Each structure stands twice: as structure tokens, then as C-alpha cells.
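# Analysis of the macromolecular model
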Amino acid sequence: MNTNEFRLQGYAMINRIAEYYEHIEKYPVLSQVAPGDIKKQLPENMPEQGEQFENIVQDIDSIIMPGITHWQHPCFMAMFPSNTSYPSILAELFSAGIGINAMFWNTSPAAAELEEQVLNWLRNAMGLPAEFQGVIHDTASTSTLTAIICAREKYAQYAINENGYSGFTNYTMYCSEQAHYSVEKGARAAGIGKAHVRKIITDADFAMDIQALENAIQNDIAMGKKPFMVIATLGTTNSLAFDPLLEIGLLCKKYDLWLHVDAAYAGSAFILPEYQYLLSGVVYADSFVMNAHKWLMTNFDCSCFYIKDTALLINTFTHNPDYINAAPDTEVRNYKDWGLPLGRRFRALKLWFVMRHYGLQGLQEILRNHMRTAESLYDQFTQNASWEIMAPFAMNVLCVRYKPDAHLTVSQLNALNENIISQINSGGKFYLTGTKLNGNSIIRIVPGQEHVVQQHTDALFDLLVNTAAEISAG
Ligand SMILES: *Cc1c(COP(=O)(O)O)cnc(C)c1O
């Protein structure tokens, strides 16, 4: 492709994306294809000869789009949103355009210094202590794994890094039973082992029970174990519950444990001063993660990981083979030493575009609108006797259940609510996911796409009420 062709195809591609957004509501939110439908349209092997670019692009419509689930559709209310935005898309395009690899400072000083500075902006906006220094990882799963490995090396004084696990098989760590599964996955990958993750019971609000946490720590100490880390969740994935961070922090101080805070989703809302009270106790945290790629208009991937003791992080991960001539860490940031990968995408650019385009107030306004939209939906449910609210309503996450009749058993109610979700999803108008709380199947609703408004949630409420009534009538 020559430069002129690139220009023409590039303009056309931007046009295609703009049209996608203009008509996004015509698509079924959840892709309706069956397994294998896409793959069977793709040849066994790559083409021998290069093809016309137009032909490739045409296949986006014929092959790819039917197999797309539309995460940017305002009626995507499943899981958590993974927002993008026009400024973010353009920054990402530019980042791909210059094609850099931001391994260490010399490989693009601007990438390293911008990453440091935008993460400082975000830290200050969220009200995190100034000692926290940031790095952008791909996902919260990676950020939490990084924290677990750092905590492990802190207490092993780098002996596991050096010699492997021999003699260090008694480490135990703690999270609530509502913690994201990435915690357990990280413990498995870091060699701590699933059997050494204590899942602490939660209270009626699905927040970690602090007495049960202390009991578990004391019990492990009595058994000769070495408790080393607690992972507190601010905004659980199931119901957006908030663990009591201050009390957990005080326990971590008392028992000298690493405290990692998983605020992957709700972290975005800490740019709102009215939610920063939830961070009380964060002074005791050693590390913290939030995903800007969930609710902060920055396209995937952009997981912002903060740590206080950067020397510990760097000592854990640093590696300077002869083929890398990085400038000294005393003068610059070599982000290759702040986590597992050597090669790194230039992700700071999109965060910079987003923060400058919207400004703090613009981002705050978007989040507050989502919360108001969710609140109006919440009010509709509370006024309808056939629906129950199944968890404390926080921010923009609603957990509800249809219960038309007090005599239905739990398994009948579970089947009914799971059926409602699958009916809604196969209709294509909305995409919802369910989960279980205390064994009850619930419907989880998260209006969080940038352009979602009350008309969308009103339409969802009507659809839920009608679908539920139809299913109940059999
Ligand atoms: C989404 C989420 C994660 C995992 O995020 P990834 O970036 O997809 O790894 C972890 N913890 C919580 C609380 C989450 O909501």
C-alpha cells in the first residue's frame, strides 16, 4: 500500500467507524451467531497472493460484523462497560500510526514521561496519596498478579526470585469470597497456590467481614503459616460491594501484610469527590489498581496500577541483558522493569487525549449521568412489588430479581430469572448478564455506556416487566 492509498483508505475507515456509531442501535447488542458460524467462512490457509484492500474491508460487513457483540451500544448493560470514545480512538490510531514499542525510556522518552505524568493526574483526581506511582498494564488481572509477585518478594527478600519456592510454601493470602477470580488466578500463577487463598466471608452487604479476616490471619499464624497479603475490593464484580478499607488497612498494619486494592471498575468513580470517602484507609495500601478501560472513556486496554515502593517493584522485575542499553533508573523510568512484559504499547496517549478532551469536569458529568440513569431505574424497581432489590444499590450497578409470587422455591426463582435474561439477550435489544448472590440467581444491570440515557433504561424496564409476565404466564 502506498502513502496515497493509505490516505484514501484511512479516510474511508474513519468514515466507516463514524457511520458505525451513527447507526449502532440497529445492531443486536449481543451477537446472535452460533458457534463455528464465523470460522466456517474463513479459508484454511492465508492467501498465496495479496488481495485488494477493498475486498478485505468488504468482508468486515459480511463476515465480521455478524459475529460482533456491540460493547459501545448504549443498551450494553452486561458485565461492566468497556468504554471507548472518539478522542480515545483517534489517539489509539495515532499510536498504531507511529508504531513505537515503549519498552524503556530510550525507546521513546515521550511515552515514558507522558505515562508518568498522566498517571499522576489520575492519581490526584482520584485522591490517592502522592506516594503512589503508576504504570499502565493491559488488565487488572495483570496488575493484581504484579502486586502478588511484589508482595511475595518483599517478604521473601527476593529469595523466591533467586532460588524458587523451596522453603517458602507456607504463604497465605486473603480476599473476600466476593473478590474477582483474577485474585485466585494470580495466586496460582505466582506460585502461592489456590489452597493458600483464604476467601473471607462477607456481611449482609457483601463486604468483607473484618472479624472473620482477623480470625483467619490468627488461625494461620497459629498453624505456622506466613500471612503476607490482603486484597481488598472496592466495588466487587457481582454487586459493587465495598470492603471496609480502613479496618482492613489497620489489620494489615498490625500484622505487617501487603495491602492491594482492587478497584478495577469503581476506581473511575473516585474522580468524584463525593465517592472518595470509600478510599478512607488507602494510606495503608501498598498497591492499587483501577481500569480506565472500563468506565473512563478510554478504550481497552488501559489498566492503571499504582504502587508505593517502586524500588521493590523494580528490584522484583528488573533485567538488563546486554542487548538492552537502558538509561539508568535513577534518571528515567524504564517501564519494562515495572511488570512482566518487555514490549509495551503506547497507552498513555489515549488517556492523555481523553483527560484533555473531556477535562475532569466532563468526565465527572458523564459518570454522574450514568448514576442518575441507574437511579431512575432503581426507583422503578422499588415501586413494583414483583421485583426485589438483591444487593445494596451503588453507583450504577443494580442487582434485581423477579419474584411474582412468595411461594416460589429458590430453584423455581432461579430458573425464572435465568430464563428472563436469556430471552432478553436473544431478542437483541439489550445485553444483560446474571450472577448468583447467596445462591440466588439475579439479574445484574449496569447502564454505563457513554451515551446511555433514561430512554434506554425506561425501555429496559418495560421489556423486563413484559418478558417476565410472558414467561410467568407460560
Ligand atoms: C473487571 C474486574 C477485574 C478484571 O479486569 P481485567 O482488566 O479484565 O483483568 C478485576 N477485578 C474487578 C473488581 C473487576 O471488576
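That block above? That's the structure.
My aim in this report is to walk through the structure given alongside it, one point at a time. What you see is a predicted model, and the numbers here were worked out from it, not measured in a lab. Per chain, the residues get numbers from 1 upward, laid out in the order the sequence is written. For this predicted model, a pLDDT threshold of at least 70 governs which residues receive local features, and a threshold of 80 or more governs which side-chain atom pairs are given and counted, while totals over whole chains, interfaces and linings are taken from all residues. Only hydrogens and water are removed before side-chain values are computed, so all heavy atoms of the structure are retained for them.

Pairing between two strands requires that DSSP report at least two bridges joining them. Elements are defined by DSSP. Helices are runs of H or I of four residues or more, strands are runs of E of two residues or more, and each kind is numbered from the N terminus. Read across the sheet, 4 strands follow the order 8-9-11-10 without closing on themselves; strand pairing throughout is antiparallel. Lying at the two open borders of the sheet, with one neighbouring strand each, are strand 8 (387-389) and strand 10 (433-437). Recorded for the sheet is a direction-independent mean angle of 40° between the axes of neighbouring strands. Bridge count between strand 10 and strand 11 (residues 440-445): 5 bridges; the pairing is antiparallel. Residue pairing across strands places Lys436 opposite Ser441, the latter belonging to strand 11. Angles shown run from 0 to 180 degrees and are taken between the N-to-C directions of axes, each axis being a line fitted to C-alpha atoms and, for helices, limited to the stretch in contact.

Turning our attention to unusual backbone geometry. Following Phe300, the chain continues to Asp301 via a peptide bond in cis, the omega torsion being 5°. On the secondary structure map, Asp301 appears in the loop between helix 10 (292-295) and strand 7 (303-307). One non-glycine residue, Leu240, lies in positive phi territory at about 60°. Along the chain, the position of Leu240 falls in the loop between strand 4 (226-233) and helix 9 (245-255). Phi angles above zero are rare outside glycine, and Asn438 is one such case at about 50°. With respect to the secondary-structure elements, Asn438 resides in the loop between strand 10 and strand 11.

In this section: a nonpolar patch on the surface. To count toward a patch, a residue needs a relative accessible area over 30% and no salt bridge; like charges are then connected within 9 Å, while nonpolar side chains (Val, Leu, Ile, Met, Phe, Trp, Tyr) are connected within 5 Å. What sets the accessible areas is the Shrake-Rupley method with a 1.4 Å probe; for residues, cover comes only from the shown protein chains. Here a salt bridge means any side-chain nitrogen of Lys or Arg lying within 4 Å of a carboxyl oxygen belonging to Asp or Glu. Judged by side-chain polarity, Ile14, Leu90, Leu93 and Phe353 come together as a nonpolar surface patch covering roughly 330 Å² of accessible area. Structurally, the position occupied by Phe353 is in helix 12 (residues 348-382).

Charged atoms that come close allow side chains of opposite charge to pair. A complete count under the given rule lists 18 salt bridges for this structure. Between Arg16 and Asp61 there is a salt bridge whose closest N-O contact spans 3.1 Å. Taken as a pair, Arg16 in helix 1 (residues 3-22) and Asp61 in helix 2 (residues 53-64) lie far apart in primary sequence, 45 residues in all. In this scheme, a residue with accessible area under 20% of its type's maximum is buried, one over 50% is exposed, and one in between is partly exposed, where area comes from a 1.4 Å probe on protein chains only. On the accessibility criterion, Arg16 (27% relative accessible area) is partly exposed. Owing to a relative accessible area of 45%, Asp61 belongs among the partly exposed residues under this scheme. Across the pair Lys199 and Glu184 runs a salt bridge, and its minimum N-O distance is 2.2 Å. Separated by 15 residues along the polypeptide, Lys199 in strand 3 (residues 197-200) and Glu184 in helix 7 (residues 181-189) bring together distant segments of the chain. Lys199 sits in the partly exposed class, given a relative accessible area of 44%. Each member of the salt-bridge network shares a partner with another, and the members are Glu92, Asp301, Arg345, Arg347 and Lys350.

Now for the pairing of strand 4. Summarising burial for strand 4: 7 of the 8 residues are buried, a large majority. Bridging between strand 2 (residues 171-176) and strand 4 involves 5 bridges; their strand directions are parallel. Across the sheet, residue Tyr171 finds its bridge partner in strand 4, namely Lys226. Relative to strand 5 (residues 258-262), strand 4 runs parallel, the two being bridged by 5 bridges. Looking at strand 5, one finds that Ala232 is bridged to Val261. In this region the chain leaves strand 4, passes through helix 9 and returns to the parallel neighbour strand 5; the handedness of that crossover is right-handed. If the strands point away from the viewer and the path from the first strand over the helix to the second runs clockwise, then the crossover is right-handed.

Let's shift gears to the environment of Lys226. The topology assignment puts Lys226 in strand 4. Through-space distance from the C-alpha of Lys226 to that of Asn170 is 5.6 Å; in sequence the pair is 56 residues apart. If we skip the residues at most four places from it in the chain, Lys226 touches Tyr155, Asn170, Tyr171 and Thr172. Residue contacts are defined here by distance: any two heavy atoms, one from each residue, within 4.5 Å place the two residues in contact.

This part is about the sheet that holds strand 2. The sheet built from 7 strands is open, its strands ordered 1-7-6-5-4-2-3 with mixed pairing. Looking along the sheet, the strands with just one partner apiece sit at the ends: strand 1 (133-137) and strand 3. Strand-to-strand twist of the sheet, defined as the mean angle between neighbouring strand axes without regard to direction, takes the value 20°. Contacts from helix 9 reach strand 4 and strand 5 within the one sheet, and its direction differs from that of strand 5 by about 160°.

Each α-helix winds once per 3.6 residues, and so residues spaced three or four apart point in a common direction. Each residue after the first adds 1.5 Å to the expected span of a helix. Its 13 residues give helix 8 (residues 210-222) an end-to-end C-alpha distance of 18 Å, which sits within 8% of 18 Å, the value for a rise of 1.5 Å per residue. Check the buried side of helix 8 and you find it contacts strand 2, strand 3, strand 4 and helix 9. At the N-terminal boundary of helix 8, the capping side chain belongs to Asp209, with an oxygen 3.0 Å from the backbone nitrogen of Gln211. Backbone geometry just downstream of helix 8 places Gly224 in the positive-phi region, at approximately 85°. Whenever a nitrogen or oxygen atom comes within 3.5 Å of another N or O atom, the pair is scored as a polar contact, on the condition that within protein one atom can donate a hydrogen and the other can accept it, and that pairs from neighbouring residues in sequence are kept only if both atoms are in side chains.

A separate point is the packing of aromatic side chains. Each pair of aromatic rings taken from Phe, Tyr and Trp, with Trp reduced to its six-membered ring, is defined by centres within 6.5 Å and is described as stacked if the planes are under 30 degrees apart, edge-to-face if over 60, and tilted in the remaining cases. If you walk through the whole model with that rule in mind, you get 17 aromatic pairs. Ring centres of Trp71 and Phe76 lie 4.5 Å apart, and the angle between their planes is 25°; on these two criteria the pair is classed as stacked. Aromatic ring contacts, followed pair by pair, group Tyr20, Tyr21, Tyr27 and Tyr86 into a single cluster. Note that Arg356 overlies the ring of Trp352, its terminal NZ or CZ placed 4.7 Å from the centroid. As a reminder, the over-ring test applies to NZ of lysine and CZ of arginine, requiring each to be within 6 Å of the ring centre and within 35 degrees of the ring normal. Just above the ring of Phe80 sits the side chain of Arg444; from NZ or CZ to the centre is 4.8 Å.

To continue, consider the site of the ligand. As a matter of local geometry, the ligand sits amid 13 residues, with Ala140, Ser141, Asp262, Asn291 and Lys294 nearest to it. In the environment of the ligand, an oxygen atom lies 2.5 Å from a nitrogen or oxygen atom belonging to the side chain of Ser141. Relative to its unbound accessible surface of 390 Å², the ligand loses 87% to contact with the protein. The set of elements that each furnish at least two residues to the shell around the ligand consists of helix 5 (140-156) and helix 10. In this count, Pro and Cys sit with the nonpolar residues alongside Ala, Val, Leu, Ile, Met, Phe, Trp and Tyr, while Asp, Glu, Lys and Arg are called charged and the others, Gly among them, polar. Classifying every residue of the shell around the ligand by side-chain character gives 3 nonpolar, 8 polar and 2 charged. The near set for a molecule or strand comprises every residue that places at least one heavy atom within 4 Å of it.

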